[in-house]
Amino acid sequence: SIVVLPFTNLSSDPEQEYFSDGMMEEILNHLVKIEDLQVISRTTSMQLRGSSKSIHEITDELNVATALEGSVRKDGNKVRITVQLIRGDTDMHLWSEIYDRELTDIFEVQSDVAKQIASALGVVIAPTEEASIDKIPTTDIAAYDLYIRARHERNLYWVTFDKQHIKTSEDLINKALKIDPEYLMALAEKGAYFIDDNNHDSAKLYADRIIDLDPDFNRGYGLRGYYYRAKGDRDLSIENFLKAINLPPKDEAWFWYHTELGRAYSWEPIKALSYFQKGLKKNDEHLQGGEYFWIALTFQGIGDYEKAEKYCRMAAESACFGIGELPNIYINQGKFKEAHQFADSTCQSRDCLRECSRSLFRASLFLDRFEQAEQYFNQWNTMEQDFAPYERLVNAEIGYVYHRLGRTEEAEKVFAAEIQRLESELNANSIASLFALARLFAFTGNHEKAIKYLTSFADKRPFGTYSDTILIDPLFESLRDDPKVKAIVRQAQEKRAAIRAQVRQMEERGELTL
């Protein structure tokens, strides 16, 4: 096990820090490819820049055996890289080396460092891992320099959330691709920008280009996986992510693909948790926020609210969507005051206005504070578009708020518009729309349609939080005692209990260790 500490920039120009960071990151990525080596994430490593802690203190806190220190001095086309592998408990140097090379030899140095570390630690590198480590990403060092500058800018974005870093990063990638149009990692980075911008058709073009150039490189299939997920084609998304995890390189993206498979298998929780477990193993912390969120949703779906709360709190430490979901977890348990208290206290110190407004709206509604709920809705309604599942919740619930405030005509207009919108979504095979329609028809008195949609939904989703929602949701109050609805709730609860028992057995056998 190892932590790769931030390399020191010894160049005369402090602007060369991107190069020392790039060297550290590339060596770390090579080490991640080795199955038998536990590597602390880049995000954790970078937090140690300038730390006054000793190697012993750092390795002890991170629970790893060794640390790699390094420095880089770049002068024109020449570079000196000094590295030393240190045992944490004794401060003994296990291996060290000074590389005085031309810039064109930089890839050979990165590969050699990874192999020497593995050798010093007695770790065997599999042939496929060695081939991935030895693979030269580009034949043009200028393109490589632009690429690591771009990665440096992208990493700065995750620290500052200043979107200018993303723009600068993309400009640098474009320059790199002008020099080397077949630079696979740069093509993958460009495709990722399009995914982030929801320009999925353009991302698909880059995915196809990568696969044409190298069908044994996983990034193209990964981009296709994201593309098909966005298009709602679950089967093709899974097919491509499965291809991606069976191909090199086994770097940070390889772990992201496991997380995406966990999301895709959200209605097969045992399989989902197994993929999440793999994805969580070596992922960066800013990405783990999203993974913790999906793990929380999985546990919430099977009714394990203790674990759902735990992972959602972990997500909330770095991601607004964690803050937005934890109140829902409380609400589904009937803990309405806790939902409001968490949202109110957290939102005073975090800039997550959309999620906070939505959470406070829902908590206020369930506490029968309807005037307050409307104020939070109006605030939420001015924000950028929310995620579809949350919009379905809120759009129905504001109609209920208007009804309780005595504004019947406004309520009826909201319900009619939402029913029309949701019924149009059924053509796109939107399963979630079935449950949303059941809620609305239950409240507006069309019980026959409500039960029809609820039955259809339950047939496709035999378990989930809906069995708790029905028991506490005021929109379902008139149908709560219906025998058919009771049977749907009972069957879903029994299914959830069986899955929880299976998960516990896996944990006891050590097969699931999130």
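Here's a quick rundown of the structure. (Residues numbered from 1 in each chain as written. Predicted model: local features only at pLDDT ≥ 70, side-chain atom pairs only at ≥ 80, totals over all residues. Heavy atoms only, no water.)

### What about the packing of aromatic side chains?
Consideration 1: Using the criterion set out here, one finds 26 aromatic pairs in the structure.
Consideration 2: Relative to tryptophan 380, the ring of phenylalanine 377 has its centre 5.7 Å away and its plane inclined at 40°; by these criteria the two rings are tilted. A residue pair is termed a helical-turn pair when its members lie 3 or 4 positions apart in one helix, as phenylalanine 377 and tryptophan 380 do in helix α19 (residues 370-381) at 3 residues.
Consideration 3: Relative accessible area serves as the criterion here: at 7%, phenylalanine 377 is assigned to the buried category.
Consideration 4: Note that lysine 250 overlies the ring of tryptophan 254, its terminal NZ or CZ placed 5.0 Å from the centroid.
Consideration 5: In this structure, lysine 452 packs its charged tip against the face of tyrosine 453, placed 5.1 Å from the ring centre. (Phe/Tyr/Trp six-rings, centres within 6.5 Å; stacked < 30°, edge-to-face > 60°. Helix = DSSP H or I, 4+ residues; strand = E, 2+ residues; numbered from the N terminus. Buried < 20%, exposed > 50% of the residue type's maximum accessible area, 1.4 Å probe, protein only. Lys NZ or Arg CZ within 6 Å of the ring centre and 35° of its normal.)

### A few points about the packing of helix α21 (residues 408-425) against helix α22 (residues 431-444)
Any two packed helices are characterised by how steeply their axes cross, that is the angle between the axes, and by the distance between the axes.
Consideration 1: Their axes nearest at 9 Å, the elements α21 and α22 cross at an angle of 150°. Taken as axis vectors, α21 and α22 run roughly antiparallel relative to one another. Crossing angle aside, the handedness with which α21 passes α22 is left-handed. In contact with Phe415, Glu418, Ile419, Leu422, Glu423 and Glu425 of α21, α22 contributes Ser433, Ala436, Leu437, Leu440, Phe441, Phe443 and Thr444.
Consideration 2: Grouping the constituent residues of the contact of α21 with α22 by class yields 8 nonpolar, 2 polar and 3 charged. (Axes fitted to C-alpha atoms, helices over the stretch in contact; angles between N-to-C directions. Parallel < 35°, antiparallel > 145°, perpendicular 65-115°, else oblique. Left-handed = near helix turned anticlockwise from the far one by under 90°. Contact = heavy atoms within 4.5 Å. Nonpolar A, V, L, I, M, F, W, Y, C, P; charged D, E, K, R; others polar.)

### Describing the packing of helix α8 (residues 184-196) against helix α9 (residues 200-213)
Consideration 1: As a packed pair, α8 and α9 sit with axes 8 Å apart at the nearest point and diverge in direction by 160°. By the criterion of interaxial angle, the relationship of α8 to α9 is roughly antiparallel. Of the two possible hands of crossing, α8 and α9 adopt the one that is left-handed. Counting all contacts with α8, which are made through Leu184, Leu187, Ala188, Lys190, Gly191, Phe194 and Ile195, the residues of α9 involved are His200, Ser202, Ala203, Tyr206, Arg209, Ile210 and Leu213.
Consideration 2: Classifying every residue of the contact of α8 with α9 by side-chain character gives 9 nonpolar, 3 polar and 2 charged.

By themselves these figures say nothing about function.
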